[in-house]
Amino acid sequence: MSSTRHQDTKELPSYEEALQEHERPPPYTPPLTGSIMASITRLSRDDPDPIYEDLNNVVDSTDFADVDHYNYDVLSNAVRDVSLDTDGSSKGIVTMVNLDQYAKPGKHTYTAIGLEGSANKLGVGIIRHNLGPLSQENRAQVLSNVRDTYITPPGEGFLPRDTARHHRNWVVRLIKRSMEEAGVSREELDCICFTKGPGMGAPLQSVVIAARALSQLWDLPLIGVNHCIGHIEMGREITGADNPVVLYVSGGNTQVIAYSNQRYRIFGETLDIAIGNCLDRFARTLKIPNYPSPGYNIEQLAKKGSNYIELPYTVKGMDLSMSGILAYIDQLANDLFKGNTSNKVIFNQETKEAQITVEDLCFSLQETLFAMLVEITERAMAHVNTNQVLIVGGVGCNERLQKMMEDMVLDRKGSIYATDERFCIDNGIMIAHAGLLEFRMGKRFELKDTVCTQKFRTDEVLVSWRD
Amino acid sequence: MSDHLVELAKSHLTNIPVSLISQGAESLIFTTTTHPYMETSDEGQQYIVKFRPPKKYRHPQLDAQLTKRRTLAEARLLQRLYGADGISVPSIIAVDARNGILWLEYIGQQIENGVSSLKNYLWLEDSKADYESLLRAVGDMIARLHQMGIVHGDLTTSNVMLQKHGSQWAPCLIDFGLGFTSDLVEDKAVDLYVLERAILSTHPVHSDNYNSWLMEGYKKGYGKDQGKFKQVMKRYEDVRMRGRKRSMLG
Ligand SMILES: Nc1ncnc2c1ncn2[C@@H]1O[C@H](COP(=O)(O)OP(=O)(O)O)[C@@H](O)[C@H]1O
Ligand SMILES: [Mg+2]
């Protein structure tokens, strides 16, 4: 299992300590500036670099007040039309996938920049492929991969408008930073890839604007990428998993996926809320910090819990449901906080003392939810006859989930593949990578088609680069 | 398939020779020629031993509870359904709920690509002639199940076995571990939705046909009781809509 975890976050306070901290003025940066990941240094916005100044102007001048109804035609009309080679788009599928049909003569590599901002993370990454099919011997190179997360105070979720503002505020700096880290010039880039969806409208759009502006300024084609496909392809590339069942678990998605006939097919998924959403909302009930992420903080608390409390267990075939579990555990937490001693699960009926801690609640929630995830993954594996599993998406960083999945897979004599937080958590490099695969297959977007969409199912994408 | 699990199964089945034939979604499936309590009369008569092993990944409390609950649910439902009009399920021979073991009638046979499950048969893609009648028959059977107030809980093409009746294949429903009794339209609608999605992902090329044949059979299975059918359909549309509208933020 290739999971080297990034452990730069300091030992977390206990629940009591975390709460006390919360009662003082919460240590958070106001929404306008957002906060920064340790690895990203702040860049000056007054930087006189003319390339980025233009970009800054475009991004700044966009009015996001009514962003969900933003009319792209205004921008399209204002900018030059990009002339793109569109030959390839109508060609049929060939039996052997040829990724170099559209290679520029004399060039031995492709380089792409990817922009991701479908939720509260803004990521920019630059990837390089050599000619020829990707393999263990011919691997993609990550030239840079930077990210900034919009963190909200404890008890609060991130709103589309504020998140969009965060992205708009940071996107130019991140692009610049990623270009510098990669050490590539814009002449070396083949295309600009952006997240087309799924995700939150306003944040997605703020990133599309930046991608469009950049494409006009640098005269490069645009490729729109399905966020989930980005996760899957990057996961496969990093781990070398060849044809796994994919468990995709993040703030907005919970899907069990397997490849067949040029599509990533969804075998199982949540019937209501996503796993990350469930954890985030419970973190809000507990009012624990959202830094570095609510799920990470629940994981740390769960490590200190040991009493297992029975929660509803709701697997439906290869699908699952989580809203009932959340409602139930929220109720337990509220009874604990209010001291509702009539709750027999929480309070000892003789002594009237709490016999369950917040840590126990986190522990039980994880044990139940993750057991359901592992179970539906195993169901899909049996159904499609495979013994490889790849975990992608932000919740995939969770060590307990990885361990449980490993235990299941070992009993099937299979193998598990997972990545660390650089690739699990939303990032720009996965968008660059998946977009570059599309680019190499000849996919091109007209400027008018470079829009984003909040709903964009994984199985809508034709996976032309696999056979 | 992990050897220690096979050993564990054998330790619960002393003096009974079993051979592993498959590892399902949550269980190990063995065949044996030994009947648990009767002298075997038929030479070569085969029985199925279904073993739900402990899952190491689950909390032991949750694991014990799920194994017991599912083994018992499956036994009870098979017992109720056996012989029911228009429904075919394997007969249940013995139960050991604590160890997660069921003895079942052996259903089906080998076909070109493995056991005669509906999944394998549809994957063959060559004998299309009877696909329509078969899928209608499956739909019909699910309707009858639902009318008895029973929800399968895990409807996939792996969980429908095919049996030869003369020269024709006939469906037989298996794997009732996630089943339960309910008269709520919501539960029945979700049951159908899970099946629709399984068809979509497992048999993508012809899923539209397959699903409409299933639904036609399902409608027919309600016979004169079309009012009930309409109620389930109405909720089914709601469930599908929820699926489409579900937010996918992040
Ligand atoms: N009664 C039976 N007769 C023949 N084969 C069976 C029988 N029960 C199960 N099987 C085979 O074993 C597989 C797994 O059994 P199933 O009951 O579906 O367990 P699981 O819950 O593990 O999926 C089935 O897909 C089928 O191929
Ligand atoms: Mg089964």
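Bear in mind the structure is a predicted one, so any value in this text is a computation, not a measurement. (Residues numbered from 1 in each chain as written. Chains lettered and ligands numbered in written order. Predicted model: local features only at pLDDT ≥ 70, side-chain atom pairs only at ≥ 80, totals over all residues. Heavy atoms only, no water.)

**Concerning the coordination of the magnesium ion (ligand 2)**
Six octahedral donors around a metal ideally make angles of 90 or 180 degrees; four tetrahedral donors ideally make 109.5 degrees. Residue and element names in this part refer to chain B. Only N159 (OD1) and D175 (OD) from the protein coordinate the magnesium ion (ligand 2), and they sit 2.2 Å from it. Taken together, the residues span a long stretch of sequence, with N159 in the loop between β8 (150–151) and β9 (160–165) and D175 in the loop between β10 (168–173) and β11 (180–181) at a distance of 16 residues. Owing to a relative accessible area of 8%, N159 belongs among the buried residues under this scheme. Relative accessible area serves as the criterion here: at 12%, D175 is assigned to the buried category. (Donors = N, O, S within 2.8 Å, 3.2 Å for Na, K, Ca; no water. Helix = DSSP H or I, 4+ residues; strand = E, 2+ residues; numbered from the N terminus. Buried < 20%, exposed > 50% of the residue type's maximum accessible area, 1.4 Å probe, protein only.)

**Quick notes on the layout of surface pockets**
In this structure, the second largest pocket occupies an estimated 1,000 Å³ of space. Lining the second largest pocket are 40 residues; nearest its centre among them are S22(B), Q23(B), G24(B), I29(B) and S158(B). Among the secondary structure elements, those contributing two or more residues to the lining of the second largest pocket are α10 (358–384) of chain A together with β1 (19–23), β3 (47–51), α2 (60–81), β5 (101–105), β7 (114–115) and α3 (118–124) of chain B. For the lining of the second largest pocket, the element with the highest residue contribution is α10(A), accounting for 4 residues. Classifying every residue of the lining of the second largest pocket gives 16 nonpolar, 15 polar and 9 charged. (1 Å grid on protein atoms, 1.4 Å probe; cavity = no way out; pocket = protein on both sides within 12 Å on 5 of 7 lines; lining within 4 Å. Points joined across faces, edges and corners; volume = space filled by probe spheres on them. Nonpolar A, V, L, I, M, F, W, Y, C, P; charged D, E, K, R; others polar.)

**Re the UniProt feature "domain: Gcp-like" (unreviewed entry) in chain A**
Mapped onto this numbering, the UniProt entry gives "domain: Gcp-like" (unreviewed entry) at residues 142–432 of chain A. When the span residues 142–432 of chain A is considered, its composition is 48% helix and 18% strand, and the gap between its end C-alpha atoms is 10 Å. (UniProt positions renumbered as here; feature names shortened; annotations may be inferred.)

**Quick word on the confidence of the model for chain A**
Residues and elements named next belong to chain A. Confidence in the prediction of chain A, expressed as mean pLDDT, is 84, and 81% of residues score 70 or more. Low confidence marks residues 1–10, where pLDDT is under 50. Its contacts with residues over four positions away, or in another chain, come to 23 contacts. The low-confidence segment residues 63–95 (pLDDT under 50) makes 49 contacts with residues lying over four places distant or belonging to another chain. (pLDDT = per-residue confidence, 0-100. Contact = heavy atoms within 4.5 Å.)

**Describing the packing of helix α8 (residues 294–303) of chain A against α10(A)**
All names here are of chain A. Closest axis-to-axis distance for the α8/α10 pair is 7 Å, and the angle between their directions is 110°. In terms of orientation, α8 and α10 fall into the roughly perpendicular class. Contacts between α8 and α10 involve I298, E299, L301 and A302 from the first element and V358, E359, C362, F363 and Q366 from the second. Considering only residue class, the contact of α8 with α10 consists of 6 nonpolar, 1 polar and 2 charged. (Axes fitted to C-alpha atoms, helices over the stretch in contact; angles between N-to-C directions. Parallel < 35°, antiparallel > 145°, perpendicular 65-115°, else oblique.)

**Thoughts on the pairing of strand β2 (residues 28–32) of chain B**
On a regular strand, one side chain projects to one face of the sheet and the next to the other, so that they alternate. Residues and elements named next belong to chain B. Within β2, 5 of the 5 residues are buried, which leaves the element mostly enclosed by the surrounding structure. Every second residue of β2 is oriented toward a common face, with L28, F30 and T32 on one face and I29 and T31 on the other, all of them buried. Of the pairings in the sheet, the one linking β1 to β2 comprises 4 bridges and is antiparallel in character. Across the sheet, S22 pairs through a bridge with I29, a residue of β2. Counting the residues that bridge the hairpin from β1 to β2 gives 4 residues. (Pairing = 2+ DSSP bridges.)

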